[in-house]
Amino acid sequence: MTLALETQGLVKTFGGLTATRDLSLKVERDARHALIGPNGAGKTTVINLLTGVLRPNAGRILLEGSDITALPAYRRALMGLSRTFQINQLFADLTPLETIALAVSEQRGEGMHWWSSLGRDATAADEIGLLLQRFHLTEVMNARTATLPYGKQRLLEIALAIAAKPRVLLLDEPAAGVPEAERQDILAAVASLPRDVSVLLIEHDMDLVFSFADRISVLVNGALFVEGSPSEVARDPRVKAVYLGEAADA
Amino acid sequence: MPWYEMPWRERTGIVGSLYDLSRWRWGEMLFWTLALMAILLFPHRYLILTEIAWLALFVLSLDLILGYAGIVSLGHAAFFGVGAYTAGLLALHHIIDEPVLALLVAGLAAMVLGFVTSFLVMRGADLTRLMVTLGIALLLRELANRFSDITGGFDGLQGIVMQPVLGLFEFDLFGKTSFIYCLVVLFLMFLLARRIVHSPFGLSLRAIRNNPLRAAAIGIPVNRRLTAIYTIAAFYAGLAGALSTQSTALASLDVFSFERSADLLLVLVIGGTGYLYGGLIGAVVFKLLQDVLATWTPQYWQFWIGLILVVLVLIGRERLHRWTRWGPERIKTILDARKSAAVAGEKTP
């Protein structure tokens with residue numbers, strides 16, 4: 001069985017700083033995989049390498065068996081690799097309706113259609129409608145994204161990643177900064193992701209990690225530190241030491 | 001069946017809302033009705049009306065790249081100039097005598113230049129783009145100057161005689177044909193632009209302007225889309241240049257001038273970016289202001305244009321809109337209050 005996503009000996013340096021150190025990570029198909037680690041462990045760098053925002057200094061990245069190391073970000077997205085951002089990266093002047101309609105039309109390969117009007121196709125309209133409904137965005141769908149409350153923007157952030165119909169989804173701290181009242185919406189959205197989508201979750205919130213993941217990789221100083229099932233990782237004394245050490249330092 | 005394939009459009013207002021995005025508004029119809037009525041209303045002002053029409057088309061071109069795709073340019077006159085000279089040379093040497101066909105060829109010539117230079121413009125961010133576009137326009141101006149045996153140098157192309165539009169409509173002394181011709185071209189090109197900006201392609205441009213990082217992350221080939229719209233915009237600018245040549249039977253070096261590119265930005269800022277009408281309204285306001293101020297104070301009219309621009313930018317267009325709406329809305333509230341008071345008065349006795 002091919003892996004959904006794999007890195008082989010990935011290295012990324014920024015000047016003298018090594019952010020990713022010989023990282024070989026395997027995400028199984030249909031996995032619920034979490035990548036955790038203390039602050040500054042290089043988790044977001046890994047996501048940026050995987051999605052093509054950054055280029056690695058060495059190593060390879062395989063998406064469902066094919067080498068994507070040299071491909072630009074948009075090609076990877078079209079091949080089914082989608083992500084959310086730790087800090088919302090939305091289209092401030094667009095409404096949620098336009099945002100989702102855009103992602104759906106791009107996914108359907110209609111991005112260069114300059115003559116047709118948006119979402120006139122019934123199946124496309126269905127997809128757009130269902131996504132907005134699922135992420136509780138229907139009532140705000142005609143408001144400018146910049147004016148939405150943070151929780152709604154966070155939901156749109158995830159909805160936008162899902163709209164691309166990914167085969168592998170990278171979630172970068174989806175619940176970060178979301179007020180308690182809207183947190184449940186985010187957690188429910190994450191929990192009800194389609195089963196046939198492989199997910200790599202990066203998160204600080206241990207409750208979310210342990211309720212969601214069936215496999216956990218711990219990243220420390222850019223290198224893979226420990227990997228295993230949630231119970232194995234929870235019992236591992238080295239992981240405790242890293243987290244407690246961090247807590248003691250802080 | 002996967003969840004994203006279930007029928008949902010009936011249960012949400014989605015279809016209506018999508019339709020609303022590209023619906024014709026009342027204001028738009030009013031605008032074009034007024035533009036059409038200008039033919040009858042101002043028979044003595046055809047010259048300035050014609051200038052407004054091709055300037056509007058030129059600004060529309062800048063709005064497509066700046067207002068929608070976020071590409072800044074200080075050298076848009078490059079495409080205007082290529083269109084202007086192409087149309088001029090075609091007519092002067094009787095290569096293509098029919099104006100509409102010559103117009104299209106001029107537009108295509110500018111389009112080719114737009115496509116080629118787009119690759120230079122895609123490199124780098126805003127400041128680089130300003131410099132590159134500025135440089136290209138200056139370069140073309142000097143080339144036109146150098147090859148004065150073709151372009152006529154500072155004297156420009158002289159002795160152009162325009163043939164009737166479509167072989168039917170003779171250009172007249174009052175400029176009526178010119179104006180109607182320019183207005184029709186403007187309207188058709190506006191319809192096309194309107195179609196483009198409301199298409200999935202147009203939406204992707206707005207997304208790129210907002211956040212190119214995220215646009216790439218959802219599978220949008222950012223540079224390819226920018227190249228496409230830059231090329232289309234060059235076509236528009238080329239048409240505008242050709243119209244200016246055809247309506248004045250003149251093309252000179254100043255079609256490439258820096259002032260032309262800078263004025264263009266000014267006009268778009270006056271009208272507002274990113275809703276297509278900004279360019280059209282800006283062109284009307286700018287030309288009328290120029291006309292009024294130039295009669296009032298021939299030497300210092302640019303001072304007043306400058307002052308108006310500074311005030312406009314400082315106040316901000318949104319606030320200005322609120323102020324202009326404040327008056328009518330205030331009157332409406334007072335009238336409503338009186339009406340309800342009167343109704344209440346009738347009920348009480």
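Residues numbered from 1 in each chain as written. Chains lettered and ligands numbered in written order. Predicted model: local features only at pLDDT ≥ 70, side-chain atom pairs only at ≥ 80, totals over all residues. Heavy atoms only, no water.

*Asks:* Can you walk me through the overall build of chain A in this structure?
*Replies:* Helix and strand counts for chain A stand at nine helices and eleven strands. On C-alpha atoms alone, chain A measures out to a radius of gyration of 19 Å, which is about the 18 Å that the 2.2 N^0.38 rule sets for 250 residues. C-alpha atoms of chain A, sized along the principal axes, occupy 55 × 40 × 35 Å. Counting the 250 residues in chain A, one finds 56% classified as buried. For chain A, long-range pairs separated by at least 24 residues make up 65% of all intrachain contacts whose partners lie at least 6 apart in sequence. Counting every atom, chain A has about 10,000 Å² of accessible surface; 53% of that belongs to carbon and sulfur. Separation between the mean location of the 25 positive side-chain charges and that of the 30 negative ones in chain A comes to 5 Å. (Helix = DSSP H or I, 4+ residues; strand = E, 2+ residues; numbered from the N terminus. Rg over C-alpha atoms; globule rule 2.2 N^0.38 Å. Buried < 20%, exposed > 50% of the residue type's maximum accessible area, 1.4 Å probe, protein only. Contact = heavy atoms within 4.5 Å. Areas by Shrake-Rupley, 256 points an atom, 1.4 Å probe, with all protein chains shown as cover. Lys, Arg positive; Asp, Glu negative; His and termini not counted. Charge placed at Lys NZ, Arg CZ, Asp CG, Glu CD.)

*Asks:* Mind showing me how you'd approach the pairing of strand 5 (residues 58-63) of chain A here?
*Replies:* Regular strands place their side chains on alternate faces of the sheet. Residues and elements named next belong to chain A. Looking at chain direction, strand 1 (residues 5-14) and strand 5 are connected through five bridges and run antiparallel. Within strand 5, the residue paired with Leu 5 across the bridge is Leu 63. The pairing of strand 5 with strand 6 (residues 66-67) spans two bridges and is antiparallel. Opposite Leu 62, over in strand 6, you have Asp 67 as the bridge partner. Counted along the chain from strand 5 to the antiparallel partner strand 6, the turn is two residues long, and its residue Glu 64 has a positive phi close to 45°. (Pairing = 2+ DSSP bridges.)

*Asks:* Help me understand a nonpolar patch on the surface in this model?
*Replies:* Residue and element names in this part refer to chain B. Taken together, the side chains of Trp 24, Trp 26, Met 29, Ile 180, Val 184, Phe 187, Leu 188 and Leu 191 make up a nonpolar region of the molecular surface, amounting to roughly 760 Å² of accessible area. Those elements that provide at least two residues to the nonpolar patch are helix 2 (26-41) and helix 8 (176-197). Ranked by residue count, the leading element in the nonpolar patch is helix 8, at five residues. Position of Trp 26 among the secondary structure elements: in helix 2. For Trp 26, a relative accessible area of 74% translates into the label exposed. (Patch = residues over 30% accessible without salt bridge, like charges linked within 9 Å, V, L, I, M, F, W, Y side chains within 5 Å. Salt bridge = Lys/Arg side-chain N within 4 Å of Asp/Glu carboxyl O.)

*Asks:* When you look at the sheet that holds strand 8 (residues 168-172) of chain A in this model, what are you seeing that I'm missing?
*Replies:* Two strands in a sheet stick together by hydrogen bonds in their backbones, pointing the same way (parallel) or opposite ways (antiparallel). Residues and elements named next belong to chain A. Here we have six strands laid out as an open sheet, ordered 7-8-9-4-10-11, and mixed in their pairing. Bordering the open sheet on either side are strand 7 (81-83) and strand 11 (223-228), each of which pairs with just one other strand. Averaged over all pairs of adjacent strands, the angle between their axes in this sheet comes to 20°, without regard to strand direction. (Axes fitted to C-alpha atoms, helices over the stretch in contact; angles between N-to-C directions.)

*Asks:* Even after reading the chapter, I still don't get the domain arrangement of chain B, so can you show me in this structure?
*Replies:* Accessible area lost on assembly of the parts is the figure often given for the size of an interface. Per the domain assignment, the segments of chain B are domain 1 (26-302) and domain 2 (316-349). Averaged C-alpha coordinates put domain 1 of chain B and domain 2 of chain B at centres separated by 42 Å. (Domains from an automatic or database assignment.)

*Asks:* Explain the interface of chain B and chain A here, please?
*Replies:* Contacts between chain B and chain A engage 41 residues on the former and 51 residues on the latter. Taken together, both faces of the contact between chain B and chain A bury some 4,300 Å²; the carbon and sulfur share is 66%. Remark: the boundary between chain B and chain A carries four salt bridges. As a salt-bridge pair, Arg 214 of chain B and Glu 157 of chain A come within 2.5 Å of each other at their nearest N and O atoms. The tally of links between chain B and chain A comes to 13 residue pairs in polar contact (both at pLDDT 80 or more). At the level of elements, helix 1 (14-21), helix 8, helix 9 (200-210), helix 10 (212-217) and helix 11 (222-248) of chain B are the ones that each hand at least two residues to the side of chain B that touches chain A. Sorting elements by how many residues they give to the side of chain B that touches chain A places helix 9 of chain B first, with eight residues. For the side of chain B that touches chain A, the per-class residue count stands at 24 nonpolar, ten polar and seven charged. (Buried area = accessible area lost by both parts, 1.4 Å probe. Polar contact = N/O pair within 3.5 Å; in protein donor to acceptor, adjacent residues only side chain to side chain. Nonpolar A, V, L, I, M, F, W, Y, C, P; charged D, E, K, R; others polar.)

*Asks:* What's the story with the confidence of the model for chain B in this structure? I'm lost.
*Replies:* The predicted coordinates should not be examined in detail at positions where pLDDT is low. Residue and element names in this part refer to chain B. Here chain B shows a mean pLDDT of 86. Residues at 70 or above account for 91%. When the elements of chain B are averaged for pLDDT, helix 15 (residues 317-347) gives the smallest value, 69, and helix 11 the largest, 95. Scored below 50 in pLDDT, residues 1-6 makes ten contacts in the model with residues more than four places away or belonging to other chains. (pLDDT = per-residue confidence, 0-100.)

*Asks:* I would appreciate a short explanation of helix 1 (residues 43-51) of chain A in the present structure.
*Replies:* Along an α-helix, residues three or four positions apart point the same way, because every turn accommodates 3.6 residues. Burial of helix 1 of chain A is extensive: eight of the nine residues sit out of reach of the surface. Once helix 1 of chain A finishes, Gly 52 of chain A follows within two positions and takes phi at roughly 90°, a positive value.

*Asks:* Looking at this structure, how should I read the pairing of strand 10 (residues 215-220) of chain A?
*Replies:* In terms of burial, strand 10 of chain A is largely enclosed, as five of its six residues are buried. Hairpin geometry of strand 10 of chain A and strand 11 of chain A is characterised by an intervening segment of two residues between the two adjacent antiparallel strands and by a positive phi of about 50° at Asn 221 of chain A.

*Asks:* Would you take a moment to explain the nonpolar core for this structure?
*Replies:* One recurring pattern in soluble globular proteins is that nonpolar side chains are buried together. Residues Ile 128 and Phe 135 of chain A together with Leu 57, Leu 64, Ile 71, Ile 229 and Tyr 236 of chain B are the most contacted members of the largest nonpolar core, which totals 155 residues. In terms of residue count, the dominant contributor to this core is helix 3 (residues 46-68) of chain B (17 residues). The contacts of Leu 64 of chain B, once residues within four sequence positions are left out, are Ala 69, Ala 193, Val 197, Ile 229, Ile 232, Ala 233, Tyr 236 and Leu 276 of chain B. Within the second largest apolar cluster, 23 residues are counted, among which are Ala 4, Ile 47, Leu 81 and Leu 219 of chain A. (Core = buried A, V, L, I, M, F, W, Y, C linked by side-chain atoms within 4.5 Å.)

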